[in-house]
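Spelled out from the first residue to the last, the chains are:
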Amino acid sequence: MIWKSCQLQIITGQTEDALGNMVGGEWQTVKDTFCRFTPWTDEQIALEGRDVTRNQQRFAVPIPFARFPECTHAVIDGIRQQITEKIDLTPRYTVIQVKAYKE
């Protein structure tokens, strides 16, 4: 198993511009932890379609779901990725599904 460094983050201090969009703010790390890539199963690929599995990745984080901090993004391998789903694997883990921005 390869565990990677992971920072769970949220943006704070945003203000609203003239058009009603949230702008500015600073990224705040709420938890430094580790995560491990978890591949999609054949059943998940069949159920959710290829587009989801191609554009998103899942990572297991060793934090119980009940104690998982409020966050919107995860920095993995130095890349900030948006968390789209949190999955409960009680009692030891939480799986986060993130949008994968591949170059």
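Residues numbered from 1 in each chain as written. Predicted model: local features only at pLDDT ≥ 70, side-chain atom pairs only at ≥ 80, totals over all residues. Heavy atoms only, no water.

With that settled, consider the overall build of the protein. When helices and strands are counted, the protein shows 2 helices and 8 strands. Starting at the N terminus and ending at the C terminus, the protein contains elements arranged as β-β-β-β-α-α-β-β-β-β. Taken across its 103 residues, the protein has 30% of its residues classed as buried. Looking at the protein alone, contacts between residues at least 24 apart form 55% of all its contacts between residues at least 6 apart. Roughly 6,900 Å² of accessible area belongs to the protein as shown, and the carbon and sulfur atoms make up 51% of that amount. (Helix = DSSP H or I, 4+ residues; strand = E, 2+ residues; numbered from the N terminus. Buried < 20%, exposed > 50% of the residue type's maximum accessible area, 1.4 Å probe, protein only. Contact = heavy atoms within 4.5 Å. Areas by Shrake-Rupley, 256 points an atom, 1.4 Å probe, with all protein chains shown as cover.)

Turning next to the sheet that holds strand β1 (residues 4–12). Strand order in the closed barrel made by the 6 strands is β1-β4-β5-β8-β7-β6, with antiparallel pairing throughout. Averaged over all pairs of adjacent strands, the angle between strand axes in this sheet comes to 50°, irrespective of strand direction. Of the pairings in the sheet, the one linking strand β7 (residues 79–89) to strand β8 (residues 93–99) comprises 6 bridges and is antiparallel in character. Paired with L89 across the two strands is Y93, which belongs to β8. (Pairing = 2+ DSSP bridges. Axes fitted to C-alpha atoms, helices over the stretch in contact; angles between N-to-C directions.)

Once that is clear, we can look at the nonpolar core. By size, the foremost hydrophobic cluster in this structure holds 13 residues, and its most contacted members are L8, F68, A74, I83 and I96. Of all the secondary structure elements, the ones that give two or more residues to this core are β1, β5 (56–61), β6 (73–76) and β8. Excluding residues within four positions of it along the chain, I96 makes contact with Q57, R58, F59, V61, F68, A74, I83, E85 and K86. (Core = buried A, V, L, I, M, F, W, Y, C linked by side-chain atoms within 4.5 Å.)

Here we take up the side chain of Q9. With respect to the helices and strands, Q9 occurs in strand β1. Judged by its relative accessible area of 6%, Q9 is buried. At a separation of 2.9 Å, a polar atom in the side chain of Q9 contacts the side chain of R80. Each residue touching Q9, except ones within four places of it in the same chain, is listed here: W27, Q28, T29, V30, C71, T72, H73, V75 and R80. (Polar contact = N/O pair within 3.5 Å; in protein donor to acceptor, adjacent residues only side chain to side chain.)

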